[in-house]
Amino acid sequence: MISKEDIKNRMIQAVETVKRTNPMAGSITNSVTINFVANAQLAVGGSAAMVYLPDEGEFLAEAGGATYINVGTLLPIYEQTLPCTVKALYDAGKPWVLDPVAIGIGLLRTQLLRQFKEYKPNVIRGNASEIIALAGLWGLEGGTAQSNVRGVDSTDSVTDAEIAAVALAKWTGGAVAVSGKTDLITDGSIAAFSYGGSYFMEKITGSGCSLGGVVAVYATSASPFIAALTATAAYNLAASRAESKADGPGSFQIAFIDELYKATAADIANNPFEIKEV
Ligand SMILES: Nc1ncnc2c1ncn2[C@@H]1O[C@H](COP(=O)(O)OP(=O)(O)OP(=O)(O)O)[C@@H](O)[C@H]1O
Ligand SMILES: Cc1ncsc1CCO
Ligand SMILES: [Mg+2]
């Protein structure tokens, strides 16, 4: 098994490379949190670009170092945009991050998420209920046929999703990040548990969406597992620092972006985490 020291060194390298190179990670994401996603990507040193149209998705797949796909608020055009963008990413061997927000709602969402199985997202990021439901939709171990997603929120705990997360990572050959009070990140052979965060993360919208966007930024410069763990550690650190400065969810969101911006590579790598073999 890879050592913790080795993982921390790779995290430091990912953070420093992003700060130095300002990599572009394009997004097709939901209209609720699109601005927060872009601001979080910029705060860690990345460059953001959001599009809606099919040829623009294909363009960003080609132009970016990685792409973030979030199905939170679908529009009819996405029936064209998403399949051609993920195909372009897969064919070009470019990393992409999938956030299966609100899986279980509506026919288009289900049809698109089912299709994505063959295009093997390099990182799947979601809350526990979304991860369990995606494994179910893809016929993998740990999944359930019925989605427990309540709108966009989780009704399951992170540990409930461990088998599903491992099965998804084995299928894609990439990594899966399950968010919650303690976050789980796995590549199908090891699992990392990342600590920290804040209860205010559940009181603002888009903490998970923007985490996915930041995973995509790090995926331009690191393996799927290191990218997912680095972004999660940065979030857990920034959220706990922001909580001590905030009056409520509004000021927390502002403080959180500031702390994300201020976190150094060493700060992020030293945020507490544990690893185990799975
Ligand atoms: N109770 C909590 N305590 C500490 N941190 C939390 C808690 N809940 C979530 N987080 C943190 O918030 C971030 C987003 O996770 P969350 O599970 O809320 O995503 P999500 O449900 O997909 O969010 P959204 O759909 O609103 O974007 C992660 O960094 C996670 O560690
Ligand atoms: C609230 C909400 N609704 C659709 S997407 C989204 C953002 C959080 O996932
Ligand atoms: Mg979410």
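For clarity, every value in this text was computed on a predicted model and none was experimentally measured.

A. How the structure looks around the side chain of Thr172. If you trace the backbone, Thr172 turns up in helix α7 (residues 162–172). Here the side chain of Thr172 touches Ala169 through a polar contact of 3.3 Å, landing on its backbone oxygen. If sequence neighbours within four positions are ignored, Thr172 has contacts with Lys120, Pro121, Ile124 and Trp138.

B. Representation of the site of ligand 1 within the structure. What surrounds ligand 1 is a group of 19 residues, the closest being Arg125, Ser179, Asp183, Glu202 and Gly208. Measuring from an oxygen atom of ligand 1, one finds a side-chain N or O atom of Arg125 at 2.8 Å. Cys209 has a polar backbone atom sitting 2.9 Å from an oxygen atom of ligand 1. Contact with the protein chains removes 91% of the 630 Å² of surface that ligand 1 exposes when unbound. Elements with a contribution of two residues or more to the shell around ligand 1: β5 (123–127), α8 (207–219) and α9 (224–243). Examining the composition of the shell around ligand 1, we find that 4 residues originate from one element, α8, more than from any other. Each residue belonging to the shell around ligand 1 can be placed in one class, and the counts come to 5 nonpolar, 10 polar and 4 charged.

C. The site of ligand 2, seen in detail. Neighbouring ligand 2 are the residues Asn30, Val32, Thr33, Gly72, Thr73, Val101, Val152, Thr205 and Cys209. Protein burial of ligand 2: of its 280 Å² of free accessible surface, 75% is covered by the chains. Residues of the shell around ligand 2, tallied by class, amount to 4 nonpolar, 5 polar and no charged.

D. Main features of α7. For α7, the buried fraction is high: 8 of the 11 residues fall into the buried class. Where α7 is concerned, the buried positions are Glu162, Ala164, Ala165, Val166, Ala167, Leu168, Ala169 and Thr172. For α7, the secondary structure elements touched by its buried residues are β5, α6 (128–137), β6 (175–179), β7 (183–186), β8 (190–194) and β9 (273–277). Just past α7, the residue Gly173 takes up positive phi, approximately 75°.

E. Structural detail: the UniProt feature "binding site: substrate" (unreviewed entry) in the chain. The UniProt record annotates "binding site: substrate" (unreviewed entry) at Met50 and Gly206. Mapping Met50 onto the fold places it in strand β2 (residues 47–50). Apart from the residues within four sequence positions on either side, Met50 is in contact with Ser27, Thr29, Ile34, Val37, Ala38 and Gln41. With respect to the helices, strands and loops of the structure, Gly206 is situated in the loop between β8 and α8.

Cut-offs used in this document
Residues numbered from 1 in each chain as written. Chains lettered and ligands numbered in written order. Predicted model: local features only at pLDDT ≥ 70, side-chain atom pairs only at ≥ 80, totals over all residues. Heavy atoms only, no water. Helix = DSSP H or I, 4+ residues; strand = E, 2+ residues; numbered from the N terminus. Polar contact = N/O pair within 3.5 Å; in protein donor to acceptor, adjacent residues only side chain to side chain. Contact = heavy atoms within 4.5 Å. Near = heavy atom within 4 Å. Areas by Shrake-Rupley, 256 points an atom, 1.4 Å probe, with all protein chains shown as cover. Nonpolar A, V, L, I, M, F, W, Y, C, P; charged D, E, K, R; others polar. Buried < 20%, exposed > 50% of the residue type's maximum accessible area, 1.4 Å probe, protein only. UniProt positions renumbered as here; feature names shortened; annotations may be inferred.

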